[in-house]
2 protein chains.
Amino acid sequence: MSARDKHNRQGRYAAPAGDFEDRLQASGLRMTPHREHVFSVVCRELDHPTAEQVFLKAKESMPDISMATVYNCLEKFVECELLRLVQLDRGATRYCPNMHDHSHYYCESCGDVFDVDFDRRKLRQVLDLPQGAIPMGYEVAVRGLCPSCREEQTEDISPNQSKLQPN
Amino acid sequence: MSARDKHNRQGRYAAPAGDFEDRLQASGLRMTPHREHVFSVVCRELDHPTAEQVFLKAKESMPDISMATVYNCLEKFVECELLRLVQLDRGATRYCPNMHDHSHYYCESCGDVFDVDFDRRKLRQVLDLPQGAIPMGYEVAVRGLCPSCREEQTEDISPNQSKLQPN
DNA sequence: TTTTTGAATTAGAATTATTCTAAATCTTGA
DNA sequence: TCAAGATTTAGAATAATTCTAATTCAAAAA
């Protein structure tokens, strides 16, 4: 089961229809079988995959595709705003097809990553930005327990004994 | 001029006094000249430096220190919560001695990184967290123009002609 | 249609940041 | 003083990514 299914969050992506080709062409890029396939892997098959995960999945139905092509595709998709980079820690960069404002919730127990929405204007108000700054984009990551892992960890102990300190 | 000076933000660090030694000892670590020096470099000499920047600066007054020691020190400091990791993009990991809740503002024009405070409870309210999740920590990065770079870019054109879209 | 031009793909080399390893050195407590 | 273990170190190894240069492919021009 994918993280998206498990956490029961609706996927909302930038390119539901022919938008994919439009965005490529707007950047002077061609739509190719490789690009279509790589993009579909990121969108449909996995959640926030790394380049290597995309490569392995893409190879299943396109065995001759190379790692270099996967990297090239992903880089171009980021340039034409079909994907965003997600850098949760020192590890490999992940790719995210949800181009709406959202944060990434990383469960420290199961390792899943899922999207959590926020309102950009409200987020801005929470930040004590210096006068004159022009914020253009926000990247928010949350670490903690996801609902299913929290349930596992609390089902054996009574609520009052829980050491979990939500904040 | 350091980013901290330029952006005129007060530095507030976890270990102003003898807290440094206490935190090391609480994790079973010794206070050594190398550790003291590396920590002081991160705290006083640079803002959000990478391991390599710390190494180069530390070498100035301790020429025999090795890169391995710098990495070891930084890793231990993160473990005993004297420093936090900051991963702004694919590049090298940065280290931050401000252990209070805050976000990192990255200026896309000059490349400086400075701290921006937020209220943890308010941030939590802005996020549409799923029922049952237990958030433990937040990492917020903002990209945009810092006040000085914004001034440079707008001083030649009238305010109405500005293409800048703050949000 | 053929040619030309440049984009896309590729394998493998190179690079970058980081981690690992094993030896030497230093500290502390017995 | 000795033993145990922590610290430091150089350099090797690793992981992720980027670069390079050759090849293939596709669209526009002739």
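Placed above this text is the structure.
Everything quoted here is computed from the prediction, not taken from an experiment.

(A) Structural detail: the relation of the copies chain A and chain B. When chain A is fitted onto chain B, the two copies agree to an RMSD of 0.1 Å after a turn of 180° and an axial shift of 0.0 Å. What the rotation and shift describe, once combined, is the action of a two-fold rotation axis. Every residue of chain A has its C-alpha some distance from the rotation axis, and the shortest such distance is that of A:Val140, at 2.3 Å. When the interface residues of chain A are mapped onto chain B, 100% of them again fall at the interface, so both copies present the same face.

(B) Region of interest: the protein's contact with DNA strand D. Near DNA strand D there are 16 residues, and of these A:Tyr71, A:Thr93, B:Thr32, B:Arg35 and B:Thr69 occur at the shortest range. Among the atoms of DNA strand D close to the protein, meaning within 4 Å, 79% are from sugar or phosphate groups. Within the contact set of DNA strand D, a phosphate oxygen lies 2.8 Å away from a backbone nitrogen or oxygen of B:Arg30. Between a phosphate oxygen of DNA strand D and a side-chain N or O atom of B:Thr32, the distance comes to 2.7 Å. Those elements giving two or more residues to the surface near DNA strand D turn out to be α3 (33–45) and α5 (67–79) of chain B. Among the elements that make up the surface near DNA strand D, the one with the highest residue count is α5(B) (three residues).

(C) View of the interface of chain A and chain B. In this assembly, 46 residues from chain A lie in contact with 46 residues from chain B. Counting each side, the surface lost to burial between chain A and chain B is near 4100 Å², with a carbon and sulfur contribution of 58%. Taken together, the links from chain A to chain B amount to two salt bridges. Residue A:Glu139 pairs with B:Arg143 through a salt bridge whose shortest N-O separation is 2.7 Å. Mapped onto the side of chain A that touches chain B, the elements with two or more residues apiece are β3 (102–107), β4 (113–117), α6 (120–126), β5 (134–145) and α7 (147–154) of chain A. It is β5(A) that contributes the most residues to the side of chain A that touches chain B, 12 residues altogether. Residues that form the side of chain A that touches chain B fall into these classes: 25 nonpolar, nine polar and 12 charged.

(D) Geometry of the state of the cysteines. All names here are of chain A. Inspection of the entire model under this criterion finds zero disulfides over all chains. Free cysteine: Cys 146, not disulfide-bonded; nearest cysteine sulfur from Cys 149 at 3.7 Å. Of the residues examined, Cys 146 reaches a relative accessible area of 0% and is grouped as buried.

(E) Focus on the sheet that holds β4(A). Strand order in the open sheet formed by six strands is β4(A)-β3(A)-β5(A)-β5(B)-β3(B)-β4(B), and the pairing between neighbours is mixed. The open sheet has two edge strands with one neighbour each: β4 of chain A together with β4 (113–117) of chain B. The average angle at which neighbouring strand axes cross in this sheet is 25°, direction not considered. In this sheet, strand β5 (residues 134–145) of chain B lies alongside strand β3 (residues 102–107) of chain B in parallel orientation, the contact comprising four bridges. Residue pairing across strands places B:Tyr106 opposite B:Arg143, the latter belonging to β5(B). Across the face of the sheet, α7(A) comes into contact with β3, β4 and β5 of chain A together with β5 of chain B while running at roughly 25° to β5(A). Each of β5 of chain A together with β3, β4 and β5 of chain B touches helix α7 (residues 147–154) of chain B; the most contacted strand, β5(B), lies at about 25° to it.

Each value, and the rule that gives it
Here, residues in each chain are numbered from 1, in the same order as that chain's written sequence. Ligands are numbered from 1 and chains lettered from A, in the order in which they are written. Confidence filtering applies because this is a predicted model: local features only for residues at pLDDT of at least 70, side-chain atom pairs given and counted only at 80 or more, and all residues used for totals across whole chains, interfaces and linings. Remark: hydrogens and water are excluded; side-chain values derive from all non-hydrogen atoms of the structure. Fitting of the copies onto one another was done by least squares over C-alpha atoms, counting residues only where both copies have pLDDT of at least 70. We call two residues contacting when some pair of their heavy atoms lies within 4.5 Å. A cutoff of 4 Å decides nearness: a residue is near a molecule or strand if any of its heavy atoms lies inside that distance of it. Here a polar contact is recorded for every N or O atom pair within 3.5 Å, except that within protein the pair must consist of a potential hydrogen donor and a potential acceptor, and residues adjacent in sequence are included only if both atoms are side-chain atoms. Numbering of helices and strands runs from the N terminus, with a helix taken as a DSSP run of H or I at least four residues long and a strand as a DSSP run of E at least two residues long. Accessible area that two parts lose when put together, with a 1.4 Å probe and added across both, is what the buried area reports. We count a salt bridge whenever a side-chain nitrogen from Lys or Arg sits within 4 Å of a carboxyl oxygen from Asp or Glu. For this scheme, ten residues count as nonpolar: Ala, Val, Leu, Ile, Met, Phe, Trp, Tyr, Cys and Pro. Four count as charged, namely Asp, Glu, Lys and Arg, and the remainder, Gly too, count as polar. When two cysteine sulfur atoms are found within 2.5 Å, that pair is recorded as a disulfide. Relative accessibility thresholds used throughout: buried, under 20% of the residue-type maximum; exposed, over 50%; partly exposed, between the two (1.4 Å probe, protein chains only). We treat two strands as partners when DSSP finds at least two bridges between them. Here an angle of 0 to 180 degrees is reported between the N-to-C directions of two axes, which are lines fitted to C-alpha atoms, with helices fitted over the stretch in contact.

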